[in-house]
Amino acid sequence: MIDMQSTAAMPRARASSETVLRTRDLVKRYGERPAVNGLNLDVRRGEIFGFLGPNGAGKTTTIRMALGLITPTSGSVEILGQDVVVHRDKVLPRVGALIEQPALHLYMSGRDNLRAVGAILGGVSNQRIEEVLSLVGLAARQKDRVRTYSLGMKQRLGVAIALLNDPDLLVLDEPANGLDPAGIVEMRDLLRQLAAQGKTVFISSHVLAEVQQICTRVAIINLGRLVTESTVEGLTRGHGEFIVRVENPTAALAQIQRQPWGAQAKLDGDGVIHTAAPNGQGRYLTRFLVEAGFYPDQITYQEESLEDVFLRLTNGSNGEVR
Amino acid sequence: MASATLTTASAPETLKPSFLGVLRGEWFKALHQRLTWIGAVLAYGPVPVYLLFLVATPSVKTALLGSYAGSYLNTVVQRELTLNRVFIGFFLMALTVSVIGMDYQQGTIRIVLSRGVGRVQLLAAKLVTILGLALIPLVSYLLLDFLLTYGVGTAAAGTSRVFNALPTSFWSDTWLYVGTILISMVATILMAAAATVIGRSMQFGMAVALLFFPADNIGNTFLALIAGFTHQQFWANISAYLLGPLLNSLPAVLVPLHTMTVPTKEGGVRTVQVAAETLGASPFVSYDATHYLVMILLYCLVFAGLAFGLTWRRDVLE
């Protein structure tokens with residue numbers, strides 16, 4: 001038994017080399033339009049894997065193919081080494097999923113929703129139902145009709161349903177939807193706890209700051225294609241910029257932009273220069289500015305956030321990959 | 001969530017949904033719907049209304065104490081069964097649309113399917129659930145029919161001995177009649193299932209299901225008009241291929257004619273051969289029971305083919 005209070009000190013994940021979810025040349029076409037186009041993904045056991053992309057990038061289509069809800073046009077999806085299309089009855093019972101908005105029977109209580117799913121799965125004890133209800137903080141409201149629940153409570157119940165069968169792979173589409181800040185923190189702790197137990201968590205989310213905090217690796221897709229797949233650190237490292245405050249920023253910017261390393265430099269609305277540095281080193285930037293007659297008041301290095309990476313790779317989410 | 005603990009002690013071993021499990025889940029969900037219960041109760045409503053109307057009729061005592069009491073009671077029971085057939089149909093349309101359509105509409109179908117339950121397996125489980133749920137009101141209705149008829153007949157006649165006059169073929173005819181209700185129920189369930197699967201929504205399913213039988217009952221009348229205007233038998237013949245009229249008239253062709261004693265204007269009685277009670281439009285041409293059964297079976301196969309075929313082929317986008 002693991003106490004959730006102690007999860008802050010827990011290692012982020014115990015990822016292993018075993019691939020839990022794998023897609024190979026996965027394609028889904030609707031008519032001539034490819035929703036997913038040759039997608040290759042490898043998600044390993046114990047990872048919290050972030051799956052990112054702008055609206056319409058093909059995230060939900062990929063998830064639906066992974067869960068056997070829609071059939072790929074070509075390519076394959078494997079879960080725990082078995083093809084989902086061929087062995088859906090063997091592999092999908094080992095998956096828990098929350099896709100988009102939680103789908104619930106509004107006329108039943110939260111507990112009865114779990115009992116209904118438990119009846120289908122078979123072998124789900126009342127103790128397990130109590131446990132997942134407590135886990136998501138719905139024990140006190142379990143007998144109330146779901147129709148009376150807030151969006152956040154419905155989201156929690158959706159997570160409880162996903163956890164009911166103690167899945168090896170948990171697929172969550174926008175898990176933070178409707179959760180208040182405390183709920184988001186609790187959800188984050190829960191997911192870390194699950195990953196520490198060797199569960200694999202696959203998250204699709206628009207809340208990139210949240211993904212950056214929790215995910216061990218991320219994949220970014222756009223127009224149905226994989227743009228990049230890497231650790232969060234791997235994506236953000238080396239893509240930062242220097243923030244420079246000087247007395248005459250316009251003139252300084254002009255000098256910087258004449259340099260090959262500074263061609264992309266820009267001035268923001270606050271009169272602050274955002275630039276790269278010679279050899280990527282701050283000290284060389286300082287020397288350059290001083291030699292050019294600009295004595296900087298402040299030079300700081302700002303690492304690129306996942307959001308910056310996302311916007312850079314998806315060209316501001318407008319559908320064009322750079 | 002903060003105070004919770006996560007343990008794997010009570011976690012189930014790897015689960016694999018079985019057909020029985022899916023059936024159990026569907027049964028559980030359907031029984032928790034108020035519509036199921038309210039619909040089942042409301043669908044019986046017309047029978048007590050009919051019996052109240054009967055009791056209020058001054059001639060009922062004369063009929064029950066007369067020499068044709070047996071025939072009269074036989075007709076009363078068959079009229080109750082006719083009402084059962086029609087109104088259980090409405091109930092089954094609502095139930096079928098709800099059990100199949102709600103999962104599409106609320107998106108809950110993806111919870112079940114993403115656990116490894118097959119689409120066809122799920123639809124089959126839903127249909128078995130609906131049929132099971134349909135049998136409970138049917139049996140209850142039959143019991144109530146007999147109890148109410150017995151009570152009303154005894155009260156109106158002042159003695160229960162009136163039931164001794166029932167014709168010897170009463171029970172066999174009644175069971176055949178119940179058989180036609182069962183056939184009608186299966187056809188209605190499959191029709192509503194096909195409509196709901198096609199539209200993947202409760203509104204579409206309910207609209208089509210509710211319009212289907214009125215449409216072919218009214219269509220039957222139009223066919224008669226066209227046949228009258230054009231003097232072409234072809235149009236009248238089509239009426240023998242419409243599901244509604246076929247189901248309406250099925251008792252009349254399956255249940256043997258029975259001899260009924262009826263009063264004459266002169267105060268005497270005479271015997272006549274009477275077909276079973278029916279309600280609604282009937283085909284304008286005569287065919288034997290085999291034609292009826294084969295045509296109804298074909299309709300059922302088409303409905304089932306549509307429902308299962310589309311379910312099997314289509315992606316779940318809800």
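Reading guide: rules and limits
- Residues numbered from 1 in each chain as written.
- Chains lettered and ligands numbered in written order.
- Predicted model: local features only at pLDDT ≥ 70, side-chain atom pairs only at ≥ 80, totals over all residues.
- Heavy atoms only, no water.
- Helix = DSSP H or I, 4+ residues; strand = E, 2+ residues; numbered from the N terminus.
- Buried < 20%, exposed > 50% of the residue type's maximum accessible area, 1.4 Å probe, protein only.
- Contact = heavy atoms within 4.5 Å.
- Lys, Arg positive; Asp, Glu negative; His and termini not counted.
- Charge placed at Lys NZ, Arg CZ, Asp CG, Glu CD.
- Pairing = 2+ DSSP bridges.
- Axes fitted to C-alpha atoms, helices over the stretch in contact; angles between N-to-C directions.
- Buried area = accessible area lost by both parts, 1.4 Å probe.
- Salt bridge = Lys/Arg side-chain N within 4 Å of Asp/Glu carboxyl O.
- Polar contact = N/O pair within 3.5 Å; in protein donor to acceptor, adjacent residues only side chain to side chain.
- Nonpolar A, V, L, I, M, F, W, Y, C, P; charged D, E, K, R; others polar.

### Topic: the overall build of chain B
Part 1 of the reasoning: Broken down by element type, chain B carries 12 helices and 3 strands.
Part 2 of the reasoning: C-alpha atoms of chain B, sized along the principal axes, occupy 85 × 55 × 30 Å.
Part 3 of the reasoning: Evaluated residue by residue, chain B yields a buried proportion of 50% over its 318 residues.
Part 4 of the reasoning: Contacts in chain B between residues far apart in sequence, at least 24 positions, make up 82% of those at least 6 positions apart.
Part 5 of the reasoning: Between the centroid of the 17 positive side chains of chain B and the centroid of its 12 negative side chains there is a distance of 6 Å.

### Some details on the sheet that holds strand S4 (residues 48-52) of chain A
Residue and element names in this part refer to chain A.
Part 1 of the reasoning: With respect to topology, 6 strands assemble into an open sheet ordered S7-S8-S9-S4-S10-S11, the strand pairing being mixed. One side of each edge strand has no neighbouring strand; the edge strands of this open sheet are strand S7 (95-98) and strand S11 (225-231). Ignoring strand direction, the axes of neighbouring strands in this sheet form an average angle of 15 degrees.
Part 2 of the reasoning: Note: strand S8 (residues 169-173) against strand S9 (residues 200-204), 5 bridges, orientation parallel. Paired with Leu-169 across the strands is Thr-200, a residue of S9.
Part 3 of the reasoning: Strands in contact with helix H11 (residues 306-313) are S4, strand S10 (217-222) and S11; relative to S10, the strand with the most contacts, it is inclined by about 30 degrees.

### What about the interface of chain A and chain B?
Part 1 of the reasoning: Taken residue by residue, the interface counts 63 residues in chain A and 44 residues in chain B.
Part 2 of the reasoning: For the pairing of chain A and chain B, the buried interface totals around 4,700 Å² over both sides, and the portion due to carbon and sulfur atoms is 58%.
Part 3 of the reasoning: Three residues stand out in chain A for area buried against chain B, namely Leu69(A), Tyr107(A) and Ile120(A), and they jointly supply 15% of the buried area on that side.
Part 4 of the reasoning: One salt bridge connects Lys28(A) with Asp315(B), and the closest N-O pair in it is separated by 2.7 Å.
Part 5 of the reasoning: Put simply, chain A and chain B have 12 residue pairs in polar contact (both at pLDDT 80 or more) between them.
Part 6 of the reasoning: Those elements giving two or more residues to the side of chain A that touches chain B turn out to be strand S1 (2-3), strand S2 (19-30), helix H2 (88-91), S7, helix H3 (110-121), helix H4 (126-135), helix H5 (151-163) and helix H6 (181-196) of chain A.
Part 7 of the reasoning: Broken down by element, the side of chain A that touches chain B gets its largest block of residues, 7 residues, from H3(A).
Part 8 of the reasoning: Its residues placed into classes, the side of chain A that touches chain B shows 32 nonpolar, 16 polar and 15 charged.

### Some words on the pairing of strand S12 (residues 241-245) of chain A
Residue and element names in this part refer to chain A.
Part 1 of the reasoning: Pairing of S12 with strand S15 (residues 298-302) involves 5 bridges; the strand directions are antiparallel. Bridge pairing in S15 links Ile-243 to Thr-300.
Part 2 of the reasoning: Pairing analysis gives 3 bridges linking S12 to strand S14 (residues 273-275), with the strands arranged antiparallel. Bridge assignment links Ile-243 to a residue of S14, and that residue is His-274.

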